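Remarks on the overall topology
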Amino acid sequence: AAGEKVDMETLRYMNENEVMLYELQMEMTKMTAQRSMNYLRKQAKKESRSFHIIATEYKDYLRMARELGRDTTDEIICRTPDLKKMHDRYVEETTKKKDEKRRHAADLDFRNIAASFPENKKHFGYEFQGLTIIVPACASEIIMEGRKQHHCVGATDTYMKRMHKGESYILFLRKKEDPETAYYTLEVTWNGYVRQSYGAYDRKPDKEKIEDWLEHFTREIQKRTEREKRQEASASVMMPAG
């Protein structure tokens, strides 16, 4: 800025390293160019990284700080002694906040998943040979399953849309003695046909055992589907004419 003093050594450094004033983020911090340079050079030396990489990380850090409601002109924020640590912490906070927003939006957009939960639980609930089926109670549980398993089931809206429309259903296969720990994620049709079955990172642990279990599951759900159809037909016949 006009009239602002920067010492000769700093000016020489800026010239030699082609440092641009916009990299210093003075609009966000309200610090002088000299103080900004002193801070960023110190961080670059501490991390043994180039000035420009640190400046880019600093810009990202300040942006996230604002998104999280922090005052970027506060000395505690704009001159944090451990930029990398705080940058990584803000990445985690920002990701968590975005995840919470997405899960809330998914529960609203695909509310039929929650509305049909009692029926789905009754239809798909099954235990056999130490394994049990968990039916997601809402769309956000599908997103969380994808996070735990590190696969695509919750990364996009595709599978939630299918379940919302009743085209296919996401189910969680768990060990009965440890139902809270993700094991396998299934995509099935209403009559029990298993379209996909994957563990964490799209792997298939205990593959032969699981395939045998899924065959039993499919046969059971097929029987239930046929029984439900007969009950519906019987109810329709018995219903008095309007």
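Everything that follows concerns the structure shown earlier in this document.
Residues numbered from 1 in each chain as written. Predicted model: local features only at pLDDT ≥ 70, side-chain atom pairs only at ≥ 80, totals over all residues. Heavy atoms only, no water.

Topic: a positive patch on the surface
Threshold: The patch calculation keeps residues exceeding 30% relative accessible area without a salt bridge and links them within 9 Å when they carry like charges or within 5 Å when they are nonpolar (Val, Leu, Ile, Met, Phe, Trp, Tyr). Note that accessible areas follow from Shrake-Rupley with a 1.4 Å probe, and for residues the cover is restricted to the protein chains shown. Within this document, salt bridges are pairs made up of a side-chain nitrogen of Lys or Arg and a carboxyl oxygen of Asp or Glu, the two lying within 4 Å of each other. Neither His nor the chain termini are counted; the positive set is Lys and Arg, and the negative set is Asp and Glu. By convention, charge coordinates are those of NZ in Lys, CZ in Arg, CG in Asp, or CD in Glu. Put simply, DSSP H or I for four residues or longer makes a helix, DSSP E for two residues or longer makes a strand, and each gets a number counted from the N terminus.
Taken together, the side chains of Lys42, Lys46, Lys85 and Arg89 define a basic patch exposed on the protein surface. Residue assignment for the positive patch shows that the elements contributing at least two residues are α3 (33–47) and α6 (83–109). For Lys42, the location among the structural elements is in helix α3.

Focus: the pattern of salt bridges
As a reminder, the rule being used: Summary of the burial criterion: residues with accessible area below 20% of their type's maximum are buried, those above 50% are exposed, and those between are partly exposed, where the area comes from a 1.4 Å probe applied to protein chains only.
Considering all chains together, one arrives at 17 salt bridges under this definition. With a shortest N-O distance of 2.9 Å, Arg49 and Glu57 are connected by a salt bridge. Residue classification places Arg49 among the partly exposed positions, given a relative accessible area of 28%. Accessibility expressed as a relative area gives 11% for Glu57, which makes it buried. We note a salt bridge from Glu145 to Arg174, for which the minimum N-O separation is 2.6 Å. Of this pair, Glu145 sits in helix α9 (residues 139–149) while Arg174 sits in strand β3 (residues 169–175); the two residues are 29 residues apart in sequence, bridging distant segments of the chain. On the accessibility criterion, Glu145 (1% relative accessible area) is buried. Classification of Arg174 by relative accessible area gives buried; the value is 5%. Here the salt bridges share partners, and the residues they tie into one network are Arg35, Glu75 and Arg79.

Digging into the nonpolar core
Cut-off, in case you're wondering: Definition of nonpolar core: a set of buried residues of the types Ala, Val, Leu, Ile, Met, Phe, Trp, Tyr and Cys, connected through side-chain atoms within 4.5 Å. Working rule for contacts: check all heavy atoms of both residues, and any pair within 4.5 Å makes them a contact.
Judged by nonpolar contacts, the single largest core of 30 residues is most densely connected at Phe124, Ile133 and Phe217. For this core, the elements supplying multiple residues, two or more each, are β2 (131–134), α9, α10 (158–165), β3, β4 (184–188) and α11 (207–238). Leaving out residues up to four positions away in the same chain, Phe124 has contacts with Ile133, Val135, Tyr169, Leu171, Val188, Thr189, Trp190, Phe217, Ile221 and Arg224. Core analysis: the second largest hydrophobic core is formed by 26 residues, Met14, Met37, Phe51 and Tyr90 among them.

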